[in-house]
Structures are given as C-alpha cells and as structure tokens.
Amino acid sequence: MNRNCLQDLPGGYGQVLTIDLQKDTKLALVVNGLAVAIAAVMLTAGFLLMPDFNVFTSLASLAAFLVCAVMYMVLHELVHGACMKVFGAEKVRFGFTGLYAFAGSSEYFKKAAYIVVALAPLVVWGAVFLALNLAMGTKYFWFIYLLQLVNVSGAAGDLYVSFRFLRMPKDILVQDTGVSMTVFAQN
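Note that the structure is predicted; figures quoted are calculated from it, not measured.

**Q** Outline the UniProt feature "transmembrane region" (unreviewed entry) in the protein chain, listing residues and values.
**A** Those places that UniProt annotates as "transmembrane region" (unreviewed entry) correspond, in this numbering, to residues 27–49, 55–75, 112–134 and 140–161. What you have in residues 55–75 is 81% helix and 0% strand, and the ends, taken at the C-alpha atoms, are 23 Å apart. Segment residues 140–161 splits into 91% helix and 0% strand. End C-alpha atoms: 33 Å apart.

See below:
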C-alpha cells in the first residue's frame, strides 16, 4: 500500500471543503481572473525581453501554435495522471468538461503528495519551455514563450488549490475526481 494515497477514507475523517469550478461561479471567476493577471504580467515581461512580436507571420504558424497548445493541454493532464499513479492511484480518469481538461481519481491523497500532483505539470513543462526558449534563440522566442504563458496561466487553478491546501492541517486528504476536489480532515 502506498502511504501517499489511500483507497478508502479512514475513520474519523470528515469533509471540510469542496472546490468545484464548474459549479462555483464566483470561485471560477477568481481563478480565471488570476489566469488573466498571470498572462498579462507574462506578456509584459515578454515584450520587455523581446519587443519584436513576430510569431504569427502566416496562417500556418498560427495553426501550428494552436496544435501545440492543444497537445500541451493533453500533456499537462498526463503529468497530473502520471503523478497520481506514482503516488498510488489504481485508476486515473481523463476527460474534458467543455471548460476544463482534467485528470482525476477516486483515491484520497495526502496533502504533500497532492500538492506535488497539482504543481507537477507547471514545474515540468515550465522547465521544458524554458530550456526550449534558451536553446532555440530569438527566432522562436514568442512561439515557445506563448506556450509557456499557456502553461503558467493555465495552472492558475493548480496554484490556487495548492496555496489554499498549504494553509490547511498536515493530515488532510484530498480526493480529486477531475471536476472537483474534496478535502477531508480528522474530526
């Protein structure tokens, strides 16, 4: 048995919080506002680093970017799912709600493990895009940087839940079904 992931909720635990961006419109606006703010800051920084915005010089370059962005979103969720498996999830479900792509599991993750699950795609793809930006030079700066922007701003929900859970007790358990997260704590 993996100690970072439990199949069943232990006795003495009760639900203390549910986060569902599909149903909680106010919270969805906050998280999406955070994503827009992150994107704005990154765009400003990008223009300071590379004022010549020469990324979409043809319809083909725009199409290539959109294909890469969709591929990134799939890879982002695969990293979540891989981490869930590493921490002991027997089954991981993947899907798309129309608003959000997701990876989810019915298991209960310990706090530290879940924060790793939540932040892993941001860290992994952040490092990949940074390395690509450094290796590819100025010609492809904006193409790669905009993928990085999608990575960081798209992780707004992951950042939100991680910071929220960091302030909670050490022994919480998180069940992330993909469309919502439920937090359990000892009574």
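Still to come is the rest of the account.
**Q** So what's going on with the packing of aromatic side chains? Which residues, and what values?
**A** This model, assessed by the stated rule, comprises 14 aromatic pairs. With 4.8 Å between their ring centres and 45 degrees between their planes, phenylalanine 47 and tryptophan 142 make a pair best called tilted. Of this pair, phenylalanine 47 sits in helix α1 (residues 25–49) while tryptophan 142 sits in helix α4 (residues 141–154), and the two are 95 residues apart along the sequence. Given a relative accessible area of 38%, phenylalanine 47 falls into the partly exposed group. Among the residues examined, tryptophan 142 registers a relative accessible area of 0% and is labelled buried. With a centroid separation of 6.3 Å and 75 degrees between ring planes, the pair formed by phenylalanine 53 and phenylalanine 56 is classed as edge-to-face. Grouped by ring-pair contacts, the aromatic residues Phe47, Phe53, Phe56, Phe65, Phe141, Trp142, Phe143 and Tyr145 constitute a single cluster.

**Q** Go over the nonpolar core with me, naming the residues and quoting the values.
**A** Counting residues in hydrophobic clusters, the biggest one holds 52 residues, and the most contacted among them are Tyr114 and Phe165. Put simply, the parts of the chain that give this core at least two residues each are β2 (13–19), α1, α2 (59–86), α3 (111–136), α4, α5 (156–166) and β7 (181–186). No other element matches α3, which puts 9 residues into this core. Apart from residues lying up to four places away in sequence, tyrosine 114 is in contact with Phe109, Val161, Phe165, Val174, Asp176 and Met181. Leu6, Tyr13, Tyr108 and Phe184 belong to the second-largest nonpolar core, a separate cluster that totals 5 residues.

Calculation rules
Residues numbered from 1 in each chain as written. Predicted model: local features only at pLDDT ≥ 70, side-chain atom pairs only at ≥ 80, totals over all residues. Heavy atoms only, no water. UniProt positions renumbered as here; feature names shortened; annotations may be inferred. Helix = DSSP H or I, 4+ residues; strand = E, 2+ residues; numbered from the N terminus. Phe/Tyr/Trp six-rings, centres within 6.5 Å; stacked < 30°, edge-to-face > 60°. Buried < 20%, exposed > 50% of the residue type's maximum accessible area, 1.4 Å probe, protein only. Core = buried A, V, L, I, M, F, W, Y, C linked by side-chain atoms within 4.5 Å. Contact = heavy atoms within 4.5 Å.

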